[in-house]
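Summary of structural features
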Amino acid sequence: MEKNHSFLCLLSLLIVLSAAAPLCSANLDDNDVLRLPSDASFPSIHAEKLIRQLNLFPKDAEAVAKDDEVEPKKIVEKRFMFPNVADSGVSVQDLGHHAGYYKLQHSHAARMFYFFFESRSNKNDPVVIWLTGGPGCSSELAVFYENGPFTIAKNLSLVWSEYGWDKVSNLLYVDQPTGTGFSYSSDSRDLRHNEEGVSNDLYDFLQAFFAEHPQYAKNDFYITGESYAGHYIPAFAARVHQGNKAKEGLHINLKGFAIGNGLTDPAIQYKAYTDFALDNGLIKQSDYNSINRMLPACELAIKLCGGGVGGQVACMTSYVVCTGIFNKIMSHAGDRNYYDIRKKCEGSLCYDFSNMEKFLNQKSVRSALGVGDIEFVSCSPTVYQAMLMDWMRNLEVGIPGLLEDGIKVLIYAGEYDLICNWLGNSRWVHAMKWSGQQKFVGASTVPFKVDGAVKGQLKSSGPLSFLKVHDAGHMVPMDQPKAALEMLRRWTHGKLSEEAEIDDGVAADL
């Protein structure tokens, strides 16, 4: 009876646009009117707006028909060197940069594109994979603007990054899900709609990658990423751990995962929006009171989506209703950049990442990578929409089991990001039920220092750490590259709370 009542409440959310939802009155205060906001942002519009604010052109991969020359489980890979690398002087062989395609084992015709940059320091360094969020945005955003070996100059030449994560790790970037970046398929059935499909594809890729590079199979392995990767990463880590336990294939030496400014537990994180916005002067107290009236509807829809009561209707409703909270805040915040509230968006642009598309569309670059005429898709609205049923699901639920088995978890967040803010992330981390919860909650917060300067606030207990990064927005490695590199180095060496100096000589040697 209770399930039927909840489902009727959900239907009320969908059909009542201007009047209260009477069927839900038993659960909500009379003042909490359940209605879809008049400025509700629907998926296709919302996706395109997000992409255009990065000065990227929203587009989708065209179906590509190719000869079936690659057998399942096999990788086609080449060593390469980007053209126009400033002060290179290094041979392709010594550089250790690889680009390749993997034919997804459990797909109809999908090919997953990836970059692999061998460590500049030591081939025994950990293997670190980075996943960009979106959902539907390519890994190249991180390669060129956050933590890759290079940055793009205004003249489209590449400059070695002093703080690329390949200084302390063997670094993998993957364009996923299918339809993102240079990854493609000729069959629309290869679009992924949930974390099971995404994590299985990534697991199959890792098996093929380590078979291709057996010399790295025994290295420590870490999963990293940001934003919607707060969904991808816990599911992917659980899939790897499950495969290891079941002895499915090659053992992957998973040691931990890190999520930066991620979306992991929507019910807690969406509730934190108004608190963060009020604390940072984005809204007034009256706005806060008004917007918070939308929270019960959002919480109910998320609950039904996660509980499977309303199916796809519940999950779509939760997306529309809950993003309405964010949209209301932004209607008061004006031209603030919601990835970094210290900054303003100029016109429709919050960032200008257009040089990445210009660079990757050069014939010389495409030839070096071996991608042929495959169209590069920086961010795909179709992939974004395909994952909508997954958006409001809680991915925190799989993390406690990983912690109990000794898998290290680092949640970090730039303090000036609104869209996946540190407050919401801190709240779900502290609320997470596991055997070490009380010790973590009671642990002291200590300064995270780099070169003697405080770059953040850190709390750690056992395998779990939370780091609030100062003077950073949504993209911590872009805003605080040195601190981000030092964070990765210390964390992978089990010394996150210790201060250490970055060796600036590694990049200079190249």
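Presented here is a report on the structure given in the accompanying data block. Nothing here was measured: the structure is a model prediction, and the numbers come from that model.

Points about the packing of aromatic side chains
To describe a pair of aromatic rings, one takes the distance between the centres and the angle between the planes. All chains considered together, the criterion is met by 37 aromatic pairs. Where tyrosine 319 meets tryptophan 391, the ring centres are 5.3 Å apart and the plane angle is 90°; that geometry is what we call edge-to-face. Of this pair, tyrosine 319 sits in helix α11 (residues 311-333) while tryptophan 391 sits in the loop between α14 (381-386) and α15 (399-404), and the two are 72 residues apart along the sequence. By relative accessible area, tryptophan 391 is classed as buried at 8%. The residue whose ring lies beneath arginine 239 is tyrosine 203, and the NZ or CZ to ring-centre distance is 4.0 Å. The positively charged end of lysine 459 is found above the aromatic ring belonging to phenylalanine 440, 5.6 Å away from the centroid.

Regarding the pairing of strand β3 (residues 111-117)
Of all the 7 residues making up β3, 7 are buried; the element is thus mostly covered by neighbouring parts of the structure. Inspection of the sheet shows strand β2 (residues 97-103) paired to β3 by 7 bridges, in the antiparallel sense. Looking across to β3, one finds that lysine 103 is bridged to arginine 111. Note that β3 and strand β7 (residues 170-174) share 4 bridges and pair antiparallel. Pairing of phenylalanine 117 across the sheet is with leucine 171, part of β7.

Some words on the packing of helix α5 (residues 195-212) against helix α6 (residues 229-245)
Close contact between α5 and α6 brings their axes to 9 Å; oriented N to C, the two are set at 55°. Between α5 and α6, the angle falls in the class oblique. You can see that α5 and α6 cross each other, and the crossing is right-handed. Packed against α5, whose contacting residues are Glu195, Val198, Ser199, Asn200, Leu202, Tyr203 and Leu206, the element α6 presents His231, Tyr232, Ala235, Phe236, Arg239, Val240 and Gly243 at the interface. Its residues assigned to classes, the contact of α5 with α6 shows 8 nonpolar, 4 polar and 2 charged.

Some words on the sheet that holds strand β8 (residues 221-227)
The 11 strands lie next to each other as β1-β2-β3-β7-β4-β8-β9-β12-β15-β14-β13, forming an open sheet whose pairing is mixed. The open sheet has two free edges, formed respectively by β1 (75-79) and β13 (445-450), since each of these has just one partner strand. When strand polarity is set aside, the average angle formed by the axes of neighbouring strands in this sheet is 20°. Pairing between strand β4 (residues 127-131) and β8: 5 bridges, direction parallel. Directly across from valine 128, in β8, lies its bridge partner tyrosine 222. Lying on the sheet, α5 is in contact with β1, β2, β3, β4, β7 and β8; it crosses β3 at an angle near 50°.

The rules behind these values
- Residues numbered from 1 in each chain as written.
- Predicted model: local features only at pLDDT ≥ 70, side-chain atom pairs only at ≥ 80, totals over all residues.
- Heavy atoms only, no water.
- Phe/Tyr/Trp six-rings, centres within 6.5 Å; stacked < 30°, edge-to-face > 60°.
- Helix = DSSP H or I, 4+ residues; strand = E, 2+ residues; numbered from the N terminus.
- Buried < 20%, exposed > 50% of the residue type's maximum accessible area, 1.4 Å probe, protein only.
- Lys NZ or Arg CZ within 6 Å of the ring centre and 35° of its normal.
- Pairing = 2+ DSSP bridges.
- Axes fitted to C-alpha atoms, helices over the stretch in contact; angles between N-to-C directions.
- Parallel < 35°, antiparallel > 145°, perpendicular 65-115°, else oblique.
- Left-handed = near helix turned anticlockwise from the far one by under 90°.
- Contact = heavy atoms within 4.5 Å.
- Nonpolar A, V, L, I, M, F, W, Y, C, P; charged D, E, K, R; others polar.

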